[in-house]
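# Topology and contacts: notes
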Amino acid sequence: MFHNKRINLFIYLLFLFLPITFLIGSFFVNLISLLLSTITLIWLIYNKKFKILIEKQYIFFSIFFIVFLISSGLSNYKIISFENSFSYYFNFLLFLSFSIFFLENEKKIFLLSKIVFFIVIFLCIDLWIQNFLGFDVFGHPKQQAGRLTAIFKDEQIPGSIIFKFMPFVIFFLYKNNNIFFNNYKNLILIFIYFSILITGERASSILATLLIIFLVCFNFKNINKKKLISFSILFLMIFFISFNMKNSIIKERFYYTIQQSQNNIYFDLYNNSLKIFNKNIIKGTGLQTYRMECPKNSNNCSTHPHNFLLELLSDGGIFSPILFLLSLISLLYYKIKNTKSNFLKSLIISFTILFFFPLIPTGSFFTSFHMTLTWFSLGFLYSIKKFS
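Everything in this summary refers to the structure shown in the same document. In this text the structure is predicted, and so the values were computed from the model without any measurement.

Take the overall build of the chain next. Helix and strand counts for the chain come out as 17 helices and 0 strands. For 388 residues, the compact-globule estimate of 2.2 N^0.38 gives 21 Å, and the chain sits close to it at 21 Å. Here the C-alpha coordinates of the chain stretch approximately 55 × 55 × 45 Å along the principal axes. Classification of the 388 residues of the chain by burial places 51% in the buried group. For the chain, restricting intrachain contacts to residue pairs at least 6 apart in sequence, the fraction spanning at least 24 positions comes to 72%. Positive and negative side-chain charges of the chain, numbering 35 and 14 respectively, have mean locations separated by a distance of 12 Å.

See below:
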């Protein structure tokens, strides 16, 4: 923290405002996150704390950045590649900012989680209104094939945003002393889960389902078995009703996924990234250059290969995905090592895996909006010291 109280208050207000910007648009997301990352960098310089960047749990992230810079310098697309290199590292600084400015203050962490919780509840209610009425509270209609977008107009992203906000939601519900939230927290989580399902976003629905499975498995010994059976029955009943409703988006996306699996368009995108990698094994082609390189190999292209690891492989070369995995493993190892709460350990492991889950189609590793949200949520989760 800085010695000036006004500066500290300003920083805290930026943290509180950042979740709201994800509802407003990319410009404000980029602006606030850039301010926080820059302030973190200034703090490191001012307090001569650069050694933090090469501590055991963070060193691979810094080496990862250096590899990006080398790849960018050797790329035919230097400007866009360098831009994405610094974008990645500023997101890492955003992640680091939680440990610097929040680690010792649980009240501030709780207030931030409270703001995010009510944002998520608002999104969920807006989605259900749009689902039943055909338009949300702002008059935005459903999209093609009944897809729900809520406040985001024609952007099919509410499910992804809700899922990535889940660390805040879970923290708020399980650290809350309010009788209502204590009694109904599991019902609220079921409501949020089905809100994700009705968006029709397959990746978010799969990840939310895996999250439930992971957390139940990790904490099975400590779960009240009668409650688990009761909530499981309730969960299955709601799913059965939702699946068999007229024009059910859940049913439509389920059968569409099965049908698409027989001729999955993503396999071509994956194959194209491997072709690009085979021609640039060591240095890659530069960050976020798949869109320029893919047309040289195929007519079936996209802006990115829809897989984090393959994108890193083709853009940054052989060392990029290896260093990224080492970065996550190192970060996870040192956090788990210093965490006593089994429940917190299960959350850290689950979200670290699922935020970068490689077995389903993903967004781009270098998309500022979604990656800022990812590092923001992980930074929050890793800043928590105690959680029972």
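Picking up after the structure, the text goes on.
All chains considered together, the criterion is met by 57 aromatic pairs. Residues Phe 61 and Trp 375 carry aromatic rings whose centres are separated by 5.8 Å and whose planes lie at 80° to one another, so their mutual orientation is edge-to-face. On the criterion of sequence distance, the pair formed by Phe 61 in helix 3 (residues 59-74) and Trp 375 in helix 17 (residues 368-383) is long-range, its members being 314 residues apart. You'll find Phe 61 and Trp 375 in the same group, each marked buried. Taking the centre distance of 5.4 Å and the plane angle of 75° together, the rings of Phe 180 and Phe 181 count as edge-to-face.

What follows covers a nonpolar patch on the surface. Taken together, the side chains of Phe 10, Phe 17, Ile 20, Ile 24, Phe 27, Phe 28, Leu 31 and Leu 35 present a nonpolar region at the surface, about 700 Å² in accessible area. One can find Phe 17 in helix 1 (residues 5-24).

Our focus in this paragraph is the nonpolar core. Considering soluble globular proteins, one finds that nonpolar side chains tend to be buried as a cluster. Phe 356 and Phe 365 are the most contacted members of the largest nonpolar core, which totals 110 residues. Per-element accounting of this core gives the leading share, 11 residues, to helix 5 (residues 106-133). For Phe 365, the residues in contact, after removing those within four places along its chain, are Phe 64, Phe 68, Tyr 88, Phe 308, Glu 311, Leu 312, Phe 324, Phe 356 and Met 371. With 9 residues, the next largest nonpolar core counts Tyr 270, Tyr 290, Leu 310 and Leu 313 among its residues.

On to the state of the cysteines. Counted according to the given criterion, the structure contains 1 disulfide. The disulfide partner of Cys 294 is Cys 301, and the gap between their sulfur atoms is 2.1 Å. Taking the torsion about the S-S bond as the criterion, the Cys 294 to Cys 301 disulfide, at about -90°, is left-handed. Overall, Cys 294 belongs to the buried group, its relative accessible area being 0%.

Inspection of the secondary structure puts Ser 37 in helix 2 (residues 26-46). At 2.6 Å, the side chain of Ser 37 and the backbone oxygen of Phe 90 are in polar contact. If sequence neighbours within four positions are ignored, Ser 37 has contacts with Phe 90, Leu 93 and Leu 94.

A word on the packing of helix 3 against helix 14 (residues 308-316). Two elements in contact, helix 3 and helix 14, have axes separated by 10 Å at closest approach and are oriented at 45°. With respect to helix 14, the axis of helix 3 lies oblique. For the pair formed by helix 3 and helix 14, the contact residues are Phe 64, Val 67, Phe 68 and Ser 71 on the first element and Leu 312, Asp 315 and Gly 316 on the second.

Here the focus is the environment of Arg 291. Looking at the secondary structure, you find Arg 291 in helix 13 (residues 290-293). Residue Arg 291 is classed as partly exposed on the basis of its relative accessible area of 37%. A sequence separation of 12 residues divides Arg 291 from Thr 303, and the C-alpha atoms of the two residues are 4.5 Å apart. When sequence neighbours within four positions are dropped, the list of residues in contact with Arg 291 reads Ser 302 and Thr 303.

Viewed as axis vectors pointing N to C, helix 5 and helix 17 meet at an angle of 145°, and their least axial separation amounts to 11 Å. Helix 5 and helix 17 meet at a crossing whose hand is left-handed. The residues of helix 17 that touch helix 5, namely those facing Ile 109, Leu 112 and Ser 113, are Phe 376, Phe 380 and Ser 383. For the contact of helix 5 with helix 17, a count of residues per class yields 4 nonpolar, 2 polar and no charged.

The phi angle of most residues is negative, glycine excepted, and most peptide bonds adopt the trans form. Even without glycine at this site, Lys 48 takes up a positive phi of about 50°. Take Lys 48: it is sitting in the loop between helix 2 and helix 3. For Lys 48, a relative accessible area of 75% puts it in the exposed group. Notably, Lys 153 is not glycine yet its phi reads approximately 60°, a positive angle. Position of Lys 153 relative to the elements: it lies in the loop between helix 5 and helix 6 (158-164). Assessed through its relative accessible area of 53%, Lys 153 is described here as exposed.

Tallied over the full model, the rule gives 2 salt bridges. Across the pair Lys 175 and Glu 106 runs a salt bridge, and its minimum N-O distance is 3.3 Å. Of this pair, Lys 175 sits in helix 7 (residues 166-175) while Glu 106 sits in helix 5, and the two are 69 residues apart along the sequence. Take Lys 175: its relative accessible area is 22%, and that puts it in the partly exposed class. A salt bridge links Lys 296 to Glu 293; the shortest N-O distance between them is 3.1 Å. Look at Lys 296 and you get exposed, because its relative accessible area is 55%. Given a relative accessible area of 11%, Glu 293 falls into the buried group.

What counts, and where the lines are drawn
- Residues numbered from 1 in each chain as written.
- Predicted model: local features only at pLDDT ≥ 70, side-chain atom pairs only at ≥ 80, totals over all residues.
- Heavy atoms only, no water.
- Helix = DSSP H or I, 4+ residues; strand = E, 2+ residues; numbered from the N terminus.
- Rg over C-alpha atoms; globule rule 2.2 N^0.38 Å.
- Buried < 20%, exposed > 50% of the residue type's maximum accessible area, 1.4 Å probe, protein only.
- Contact = heavy atoms within 4.5 Å.
- Lys, Arg positive; Asp, Glu negative; His and termini not counted.
- Charge placed at Lys NZ, Arg CZ, Asp CG, Glu CD.
- Phe/Tyr/Trp six-rings, centres within 6.5 Å; stacked < 30°, edge-to-face > 60°.
- Patch = residues over 30% accessible without salt bridge, like charges linked within 9 Å, V, L, I, M, F, W, Y side chains within 5 Å.
- Areas by Shrake-Rupley, 256 points an atom, 1.4 Å probe, with all protein chains shown as cover.
- Salt bridge = Lys/Arg side-chain N within 4 Å of Asp/Glu carboxyl O.
- Core = buried A, V, L, I, M, F, W, Y, C linked by side-chain atoms within 4.5 Å.
- Disulfide = S-S within 2.5 Å.
- Polar contact = N/O pair within 3.5 Å; in protein donor to acceptor, adjacent residues only side chain to side chain.
- Axes fitted to C-alpha atoms, helices over the stretch in contact; angles between N-to-C directions.
- Parallel < 35°, antiparallel > 145°, perpendicular 65-115°, else oblique.
- Left-handed = near helix turned anticlockwise from the far one by under 90°.
- Nonpolar A, V, L, I, M, F, W, Y, C, P; charged D, E, K, R; others polar.

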